[in-house]
Amino acid sequence: MVHGSASYASATDYEKARASGAALQPLPSLLIVVDEFSELLTHKPEFAELFVMIGRLGRSLGVHLLLASQHLDEGRLRGLGAHLSYRIALRTFSAMESRAVIGVPDAFELPPQPGNGYLLHDNSTLVRFRAAYVSAPYQPVSQAAARVADGVLDYTTVPVHDGGPAPAAPRRRRSPTAWP
């Protein structure tokens, strides 16, 4: 990788140079999201090798995978699991499915409320979490949605709730120079 008069052996070396103060632009990353991954491999099993290659080489090139599935068939992973740096398990249908995803049956025992889950990162650290459920309709950000004028940040709040009654419409607020 060459930038100006400097040459870098890898994206990692480039990012290390940036971190140490070199005037370099950040490299873009690519996130590949595949919903119903197991279903895709049922119909296109030849894609498994492609995903293994992306998993093996991708991180060093700034390419990352997010593979989602209702049911995980470990046999279809064909070595891909070793190249995934994290796994997320929401409540599973069985203890066996939980073990297939995070190595322990704990995701099967999660409460039934939406958003409960476990994050396994570095294949060693298991963290339980509760994700927020955002029900407000998507609104594209416009120039007027958030702006700073005279040291005051003007922004629109979007309510977050956990599946109860629908929240009130978004409110506009003004805050001195920082997000709340």
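Residues numbered from 1 in each chain as written. Predicted model: local features only at pLDDT ≥ 70, side-chain atom pairs only at ≥ 80, totals over all residues. Heavy atoms only, no water.

Peer 1: Help me out: how do you make sense of the nonpolar core in this one?
Peer 2: Nonpolar side chains tend to gather and get buried jointly when the protein is soluble and globular. In terms of nonpolar packing, the biggest core is built from eleven residues, these being Val 34, Phe 37, Leu 41, Ala 48, Phe 51, Val 52, Ile 54, Val 63, Leu 65, Leu 80 and Leu 84. Where this core is concerned, the elements lending two or more residues are helix H2 (37-43), helix H3 (47-61) and strand S4 (63-67). Among the elements that line this core, the one with the most residues is H3, at four residues. Of all hydrophobic cores here, the second largest spans seven residues; its members include Val 101, Ala 107, Leu 110 and Leu 120. (Core = buried A, V, L, I, M, F, W, Y, C linked by side-chain atoms within 4.5 Å. Buried < 20%, exposed > 50% of the residue type's maximum accessible area, 1.4 Å probe, protein only. Helix = DSSP H or I, 4+ residues; strand = E, 2+ residues; numbered from the N terminus.)

Peer 1: Help me understand H3 in this model?
Peer 2: An α-helix turns once every 3.6 residues. As a result, residues three or four positions apart point the same way. Between the first and last C-alpha of H3 there are 20 Å, a value that for 15 residues agrees with the 21 Å anticipated at 1.5 Å per step. Of all the bends found along H3, the most pronounced is centred on Gly 55 and spans about 35°. Among the residues of H3, Ala 48, Phe 51, Val 52, Ile 54, Gly 55 and Gly 58 are the ones counted as buried. Gly 62, located one to two residues past H3, shows a positive phi value of around 85°. (Expected span 1.5 Å × (residues − 1). Bend = angle between axes of the 7 residues up to and from the residue.)

Peer 1: For this particular structure, what's the right way to read the side chain of Asn 116?
Peer 2: Mapped onto the fold, Asn 116 is located in strand S6 (residues 116-121). Assessed through its relative accessible area of 7%, Asn 116 is described here as buried. In terms of polar contacts, Asn 116 uses its side chain to reach the backbone carbonyl oxygen of Gln 113, at 2.9 Å. Other than its neighbours up to four places away in sequence, Asn 116 contacts Ala 89, Leu 90, Arg 91, Leu 110, Pro 111, Arg 128, Phe 129 and Arg 130. (Polar contact = N/O pair within 3.5 Å; in protein donor to acceptor, adjacent residues only side chain to side chain. Contact = heavy atoms within 4.5 Å.)

Peer 1: Explain the pattern of salt bridges here, please?
Peer 2: Should the charged atoms of two oppositely charged side chains come close, the side chains can pair. Scanning all chains against the criterion turns up one salt bridge. Here Arg 18 makes a salt bridge to Glu 15, at a shortest N to O gap of 2.9 Å. With Arg 18 and Glu 15 both in helix H1 (residues 11-19) and three residues apart, the pair spans about one turn of that helix. Look at Glu 15 and you get partly exposed, because its relative accessible area is 28%. (Salt bridge = Lys/Arg side-chain N within 4 Å of Asp/Glu carboxyl O.)

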